[in-house]
Amino acid sequence: MANLPPITPVLLCGGSGTRLWPLSRKSYPKQFAPFLGKESLFQEAARRVSGDVFAAPLAVTGDGFRFIVAEQLDHCEVRPAGILIEPEGRNTAPAAAAAALHLAETDPGALMLLVPADHAIPDAQAFRDAVMTGAVAADQGQIVTFGIQPTRAETGYGWLEAGAETHPGVNALERFIEKPDAAKAETLFADDRYLWNAGLFLTRADTLIAAFEAHAPDILDATRAAMQAAKTDLGFLRIDPDLWGQVRAESIDYAVMEQAKNVSLVRFASGWSDLGSWEAVWQESPRDADGNAMAGLSTAIDCENTLLRSESNEIELVGIGLKNVVAVAMRDAVLVADLTDSQSVRRAVDTLNARGAKQAVQLPVDHRPWGWFETLILADRFQVKRIHVHPGAALSLQSHVHRSEHWIVVAGTAKVTVDDEVRLLTENQSVYIPLGAVHRMENPGKVPMVLIEVQTGTYLGEDDIIRYEDIYARS
């Protein structure tokens, strides 16, 4: 073990799942939300793969999430080796190939651990131990996956069949098994050879590249071209969008793993969930004697096996006489569903999308590189927002064609530019931004700055912005 190189975690965090709506939305998907604790699933994943045997992580994410990734890593004091920006999601195979090519530029033999950043693994040390169990086999040219000891006859996961032991604690992988029907799942569950497929892989960068060369050369070649044309942007590595668009979208299981002959597995029996439904969140949450899991301002009266979550400090969620129900309340949307049918949430999102409801994709809080804002009131010809600006952050220098604005500082200090005038505003002070004025707000202090913005005008959309200067390089 002492002679093994450090393992580089590759945090795959570009997905935009909808099965945990309304808390998970396209604008802020589940990996960045706190489902089981104070930190997000992404932050928990980053901490899980930190320590002496791990190198700094490499994150692969989408363009819209790049600053969220950087901010959340900073908050949990994890310094990444790099953040790769996918111009668009192409599934896990291209993301894995991009990470392998990036690592191989400096060390072809680098050990890499592909980690979906939206899974729940309560026992972090047990997971690290499992990774180290597979490290020798991975360093010797195996692709090591991790088979989860099943706790039920699950039809929502793929399964793995374990073969003979090849290294201490490592078995050959006989085959991947697609998501089974209920009868087949019962058969698999009854046989200890069969394990859940967690989609976690440990391998050398050059081993994975060779597997792509053998089984998915078109994905590798197209990814290599896009990576060779990648450009550095504010500390991110932005993959070329035109060439990336030519990469075939495919999962790494289908593209490589199901065909490769050098795949092994390590058993993991210390708890795992992909949190693919609200029922899964309920299963992983602390529950009372009646099986009720609650979060936020929630109260259960005469309820059984129910999940109640209030995601607003202004909403009291009360369940009375509920059984096997999930209820999630947010300021702009409420979900109530049978707990065992929470997989159908995606259909509800599709329905909202078809109706043009913004709640389908957009959280009430809109996260930006400089902080966040939320709309408190939106009416005909006026809008009221609360704006939170991080210490040292600044909005772009901009103007509007259709609206004027009033800013009232309610916490911290704002440095305000309006045309040629620059001044500091403190709590309870305000400024008027006329229509067409070139303006900017900054937080020069060491604590968050909060202001209330009142917009008035004929059009109040977020696209009514002309940017002249932006430290975050947004167009």
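Bear in mind the structure is a predicted one, so any value in this text is a computation, not a measurement.

Visitor: Kindly report on the overall build of the protein chain, identifying the contributing residues and their values.
Guide: What the protein chain contains, in helices and strands, is eleven helices and 28 strands. Counting only C-alpha atoms and orienting by the principal axes, one finds that the protein chain spans roughly 75 × 60 × 40 Å. The proportion of buried residues among the 475 residues of the protein chain is 51%. For the protein chain, restricting intrachain contacts to residue pairs at least 6 apart in sequence, the fraction spanning at least 24 positions comes to 68%. Accessible surface, the protein chain: about 21,100 Å² in total, of which carbon and sulfur atoms supply 50%. Across the protein chain, the centroid of the 42 positively charged side chains sits 3 Å from that of the 63 negatively charged ones.

Visitor: Got a sec to walk through the pattern of salt bridges? Specific residues and values, please.
Guide: Tallied over the entire structure, the rule returns 25 salt bridges. For Asp233, the salt bridge is made with Arg238, and the minimal N-O distance between the two is 2.8 Å. The partner of Arg368 in a salt bridge is Asp366, and the shortest N-O contact between them spans 3.1 Å. With a relative accessible area of 15%, Asp366 lands in the buried category. Taken together, the salt bridges that share partners define one network made up of Asp63, Arg66, Asp233 and Arg238.

Visitor: I'd like a rundown of the environment of Ser27, residues and numbers included.
Guide: Structurally, Ser27 is set in the loop between strand S1 (7–12) and helix H1 (41–48). Judged by relative accessible area, which is 24%, Ser27 ranks as partly exposed. For the pair Ser27 and Thr417, spaced 390 residues apart in sequence, the C-alpha to C-alpha distance is 29 Å. The contact partners of Ser27, leaving out residues within four places of it in the chain, are Phe65, Val361, Gln362 and Leu363. One polar contact links the side chain of Ser27 to the main-chain amide nitrogen of Leu363, over a distance of 3.2 Å.

Visitor: An account of the sheet that holds strand S27 (residues 449–457) is requested, with residue identities and associated values reported.
Guide: Here six strands make up an open sheet; going across it, the order is S18-S19-S20-S27-S22-S25 and the pairing antiparallel. The open sheet has two edge strands, strand S18 (365–368) and strand S25 (430–433), and neither has a second partner. Averaged over all pairs of adjacent strands, the angle between strand axes in this sheet comes to 20 degrees, irrespective of strand direction. Two strands pair when backbone bridges link them, and strand S19 (residues 371–379) and strand S20 (residues 382–389) are joined in this way by eight bridges, in the antiparallel orientation. Residue pairing in the sheet places Leu378 in a bridge with Gln383 of S20.

Visitor: Break down the domain arrangement of the protein chain for me, with residues and values.
Guide: Interfaces are frequently sized by the accessible area removed from exposure as the parts join. Per the domain assignment, the segments making up the protein chain are domain 1 (8–268), domain 2 (278–359) and domain 3 (365–469). Computed over C-alpha atoms, the centres of domain 2 and domain 3 are 34 Å apart.

Visitor: Go over the pairing of S19 with me, naming the residues and quoting the values.
Guide: Both S18 and S19 contribute to a ladder of four bridges, which runs antiparallel. Bridged to His367 within S19 is Trp372. Once S18 ends, the chain turns through two residues before running back antiparallel as S19. With antiparallel pairing between neighbouring strands as the criterion, S19 and S20 make up a hairpin whose turn holds two residues, including Arg381 at a positive phi of roughly 75 degrees.

Visitor: Summarise the side chain of Ser399; cite the residues concerned and give the values.
Guide: Tracing the backbone through its elements, the reader meets Ser399 in strand S21 (residues 397–399). Exposure remark for Ser399: the relative accessible area of 4% places this residue in the buried category. Here Tyr468 takes part through its side chain, which lies 2.7 Å from a polar atom of the side chain of Ser399. Setting aside residues no more than four positions away along its own chain, Ser399 makes contact with Gly436, Ala437, Val438, His439, Asp464, Ile465, Ile466 and Tyr468.

Visitor: Run through the nonpolar core, naming residues and quoting values.
Guide: Note on soluble globular proteins: their nonpolar side chains tend to be buried together. Ile7, Phe35, Leu113, Phe146, Leu202 and Trp278 are the most contacted members of the largest nonpolar core, which totals 97 residues. A per-element tally of this core places helix H4 (residues 124–139) first, with eight residues. Beyond its immediate chain neighbours, meaning those up to four positions away, Leu113 contacts Ile7, Thr8, Pro9, Val10, Val49, Phe54, Phe127, Val131, Phe146, Phe201 and Leu202. Counting residues in hydrophobic clusters, the runner-up holds 47 residues, among them Val60, Ala100, Leu103 and Ala230.

Visitor: Quick one: what's the story with the layout of surface pockets, residue by residue and with numbers?
Guide: The volume enclosed by the largest pocket comes to roughly 1,400 Å³. The wall of the largest pocket is formed by 46 residues, among which Arg19, Asn91, Thr92, Asp118 and His119 lie closest to the centre. Of all the elements in the fold, those that place two or more residues in the lining of the largest pocket are helix H3 (92–104), strand S4 (111–116), strand S7 (170–177), strand S8 (194–204) and helix H9 (252–257). For the lining of the largest pocket, the leading source of residues is S8, giving four residues.

Visitor: Outline the packing of aromatic side chains, listing residues and values.
Guide: One pass over the structure, following the stated rule, counts twelve aromatic pairs. An angle of 55 degrees between the planes, with centres 6.3 Å apart, marks the rings of Trp196 and Trp272 as tilted. Taken together, the residues Trp196 in strand S8 and Trp272 in the loop between strand S11 (263–268) and helix H10 (278–284) connect sequence positions 76 residues apart. Taking relative accessible area as the criterion, Trp196 reaches 1% and is therefore assigned buried. Looking at Trp272, the relative accessible area reads 6%, which means it is buried. The rings of Tyr28, Phe32, Phe42 and Phe65 are connected pair by pair, giving a single aromatic cluster.

Visitor: Tell me about the sheet that holds strand S12 (residues 293–295), and name the residues and values.
Guide: Taken together, four strands build an open sheet; the order of strands is S12-S14-S16-S17 and the sheet is mixed. On the outer flanks of this sheet lie S12 and strand S17 (334–338), each paired with one strand and no other. The sheet shows a mean angle of 0 degrees between the axes of neighbouring strands, taken without regard to direction. Two strands pair when backbone bridges link them, and S12 and strand S14 (residues 307–310) are joined in this way by three bridges, in the parallel orientation. Bridging from a neighbouring strand, Met294 pairs with Leu308 of S14.

Each value, and the rule that gives it
- Residues numbered from 1 in each chain as written.
- Predicted model: local features only at pLDDT ≥ 70, side-chain atom pairs only at ≥ 80, totals over all residues.
- Heavy atoms only, no water.
- Helix = DSSP H or I, 4+ residues; strand = E, 2+ residues; numbered from the N terminus.
- Buried < 20%, exposed > 50% of the residue type's maximum accessible area, 1.4 Å probe, protein only.
- Contact = heavy atoms within 4.5 Å.
- Areas by Shrake-Rupley, 256 points an atom, 1.4 Å probe, with all protein chains shown as cover.
- Lys, Arg positive; Asp, Glu negative; His and termini not counted.
- Charge placed at Lys NZ, Arg CZ, Asp CG, Glu CD.
- Salt bridge = Lys/Arg side-chain N within 4 Å of Asp/Glu carboxyl O.
- Polar contact = N/O pair within 3.5 Å; in protein donor to acceptor, adjacent residues only side chain to side chain.
- Pairing = 2+ DSSP bridges.
- Axes fitted to C-alpha atoms, helices over the stretch in contact; angles between N-to-C directions.
- Domains from an automatic or database assignment.
- Core = buried A, V, L, I, M, F, W, Y, C linked by side-chain atoms within 4.5 Å.
- 1 Å grid on protein atoms, 1.4 Å probe; cavity = no way out; pocket = protein on both sides within 12 Å on 5 of 7 lines; lining within 4 Å.
- Points joined across faces, edges and corners; volume = space filled by probe spheres on them.
- Phe/Tyr/Trp six-rings, centres within 6.5 Å; stacked < 30°, edge-to-face > 60°.

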